[in-house]
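One letter stands for each residue in the lines below.
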Amino acid sequence: MTGEWAAFASGKIHPRYGRTIAEGWFKDIDGIPVALVLYVDREDDLFELDSWKVDFTARLRLPHDEAEVREGPPSGN
């Protein structure tokens, strides 16, 4: 599960990146941080959720609970 993302079905033919609206991270099973970034398109509709481990190895899981996700860019803490 490396470099995974999810595109949101807006029905638009060619949605285009607008801006980043949220950034967070959580620790994978092996302790390596996984970055999460949520984007909207130019009309502020959901566009994409991107996730990747900071060492670019395969992600082993997604967070089980909202409490696992920390705000901001990944860190080793």
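This text goes with the structure placed above it.
One numbering rule holds for all chains: residues counted from 1, following each sequence as written. For a predicted model such as this one, the threshold for reporting local features is a pLDDT of at least 70, and the threshold for listing and counting side-chain atom pairs is 80 or more; totals across whole chains, interfaces and linings nevertheless cover every residue. Excluding hydrogens and water, the side-chain values take into account all heavy atoms of the structure.

Q: What is the right way to look at the pairing of strand β4 (residues 46-53) in this model?
A: The side chains of a regular strand alternate, first on one face of the sheet and then on the other. As paired elements, strand β3 (residues 33-41) and β4 share 7 bridges and run antiparallel to each other. Looking across to β4, one finds that V34 is bridged to K53. At least two DSSP bridges between two strands are needed for those strands to be called paired. Only DSSP runs of H or I with at least four residues qualify as helices, and only runs of E with at least two residues qualify as strands; both kinds are numbered from the N terminus onward. Hairpin geometry of β3 and β4 is characterised by an intervening segment of 4 residues between the two adjacent antiparallel strands and by a positive phi of about 65 degrees at D44.

Q: Before we go on, may I ask you to explain the environment of V34 in this structure?
A: Position of V34 relative to the elements: it lies in strand β3. Measuring from C-alpha to C-alpha, the distance between V34 and T57 comes to 9.9 Å, with 23 residues separating the pair along the chain. By definition in these notes, contact holds between two residues if any of their heavy atoms fall within 4.5 Å. Sequence-distant contacts of V34, defined by excluding residues within four places in its chain, comprise G24, W25, F26, D28, S51, W52, K53 and R59.

Q: Hey, could you run me through the pattern of salt bridges in this one?
A: Pairs may arise between side chains of opposite charge once their charged atoms sit close together. Every case where a carboxyl oxygen of Asp or Glu lies within 4 Å of a side-chain nitrogen of Lys or Arg is listed as a salt bridge. Under the criterion given, the structure shown has 7 salt bridges. Of the charged contacts, one joins K12 and D41 as a salt bridge, the two residues approaching to 2.4 Å between their closest N and O atoms. Of this pair, K12 sits in the loop between β1 (4-7) and β2 (17-27) while D41 is found in strand β3, placing the two residues 29 residues apart along the sequence. On the accessibility criterion, D41 (3% relative accessible area) is buried. Buried residues are those whose accessible area, probed at 1.4 Å on protein chains only, stays under 20% of the maximum for their type, while exposed residues exceed 50% and partly exposed ones sit between those limits.

Q: Please explain the environment of E71 as it appears in this structure.
A: You can see E71 is positioned in strand β5 (residues 70-71). Accessibility expressed as a relative area gives 79% for E71, which makes it exposed. E71 sits 46 residues away from W25 along the chain, and the two C-alpha atoms are 6.7 Å apart. Sequence-distant contacts of E71, defined by excluding residues within four places in its chain, comprise E23, G24 and W25.

Q: Explanation requested: the packing of aromatic side chains in the structure shown.
A: Two rings belonging to Phe, Tyr or Trp (six-membered ring only in the last case) form a pair when the distance between their centres is within 6.5 Å. Interplanar angles under 30 degrees mark stacking, angles over 60 mark edge-to-face geometry, and anything in between is tilted. This model, assessed by the stated rule, comprises 1 aromatic pair. A centroid spacing of 5.4 Å and a plane angle of 75 degrees characterise the contact between Y17 and Y39, whose relative ring orientation is edge-to-face. In this pair, Y17 sits in strand β2 while Y39 sits in strand β3, placing the two residues 22 residues apart along the sequence. Take Y39: its relative accessible area is 14%, and that puts it in the buried class.

Q: What's the story with the environment of T20 in this structure? I'm lost.
A: Looking at the secondary structure, you find T20 in strand β2. When the C-alpha atoms of T20 and V37 are compared, they prove to be 7.1 Å apart, with 17 residues separating the residues in sequence. Dropping the residues within four chain positions of it, T20 is found in contact with V37, L38 and Y39.

By themselves, these figures tell us nothing about what the structure is for.
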